[in-house]
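Close look at the chain arrangement
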Amino acid sequence: MGSLFEELEAREAAARVRVGELEAEVAELSGRLELAREGLERLRIARETVAEVLAEMNPEVPVVAVDAGQSPAGEPVASAYAGAERQVIGVLTVPNWQPGMMSDVLPSVYRDIVEVVADAPGPVRAKQIVPRIGLPAETGKIEGTRSKLKRLVERGWLDEDAPGMFTPARRRAAAASNSP
């Protein structure tokens, strides 16, 4: 049986190892916390920037300048920016088609999709469009493109004659052929 001092030295060594392990965990958690704080700050700045841009675009909508978690009266609220800024969700990137409107008003990926459909000899599927717009033929890219195609149908840019089969919008083609 070892002496009392040997036992204490062994326990001290074990405690030193445990302290080292815990310090390493704290250092790793501190790094993760700092990254999370940076992400939070970027999101806050992005939200404030979007609110400013929207206020400039639509001057009749007031910009709400409130500290996070407090209403102007000082009561806690679910979101410090409840109100005008929350209209950001309604931004329309794909406008509804109107007579005389050309595809150049669309975001580039939507414009590419409309051009591929227009150049096709017949109805096309999303999986046929994906490689033609420069994307890999992966399930995620095909589904994303299908979603964009459906949005273009909803907004009058394309038609979906049969499920998953997309063609240029007949309404648009008829309006173009009727113009002088």
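Just above sits the structure.
These numbers come from a predicted model, not from an experiment.

How each quantity is defined
- Residues numbered from 1 in each chain as written.
- Predicted model: local features only at pLDDT ≥ 70, side-chain atom pairs only at ≥ 80, totals over all residues.
- Heavy atoms only, no water.
- Helix = DSSP H or I, 4+ residues; strand = E, 2+ residues; numbered from the N terminus.
- Buried < 20%, exposed > 50% of the residue type's maximum accessible area, 1.4 Å probe, protein only.
- Contact = heavy atoms within 4.5 Å.
- Expected span 1.5 Å × (residues − 1).
- Core = buried A, V, L, I, M, F, W, Y, C linked by side-chain atoms within 4.5 Å.
- Salt bridge = Lys/Arg side-chain N within 4 Å of Asp/Glu carboxyl O.

**Remarks on the side chain of T167**
With respect to the helices, strands and loops of the structure, T167 is situated in strand β2 (residues 165–168). For T167, a relative accessible area of 10% puts it in the buried group. Beyond its immediate sequence surroundings of up to four residues, T167 is in contact with V117, P123, L158, D159 and D161.

**Quick look at helix α1 (residues 4–57)**
Taking 1.5 Å per residue as the helical rise, α1 with its 54 residues ought to reach 80 Å, and the 78 Å between its terminal C-alpha atoms agrees with that figure. Looking only at α1, the buried set comprises G39, A51 and A55.

**Observations regarding the nonpolar core**
In this structure, I113, I129, L149 and L152 are the most contacted members of the largest nonpolar core, which totals 20 residues. Of all elements in the fold, only α2 (108–119), α3 (126–132) and α4 (139–154) reach the threshold of two or more residues within this core. Sorting elements by how many residues they give to this core places α2 first, with five residues. Sequence-distant contacts of L149, defined by excluding residues within four places in its chain, comprise I113, V117, A126, I129, L158 and F166.

**Thoughts on the pattern of salt bridges**
Per the stated rule, a full pass over the model turns up ten salt bridges. We note a salt bridge from E21 to R18, for which the minimum N-O separation is 3.5 Å. Within this pair, E21 and its partner R18 are both found in helix α1, separated by three residues, close to a single helical turn. Look at E21 and you get partly exposed, because its relative accessible area is 42%. A salt bridge links R44 to E41, with the shortest nitrogen-to-oxygen separation between them at 2.3 Å. Of this pair, R44 and E41 are both found in helix α1, three residues apart, which corresponds to roughly one turn of the helix. The exposure class assigned to E41 is partly exposed, which follows from its relative accessible area of 35%.

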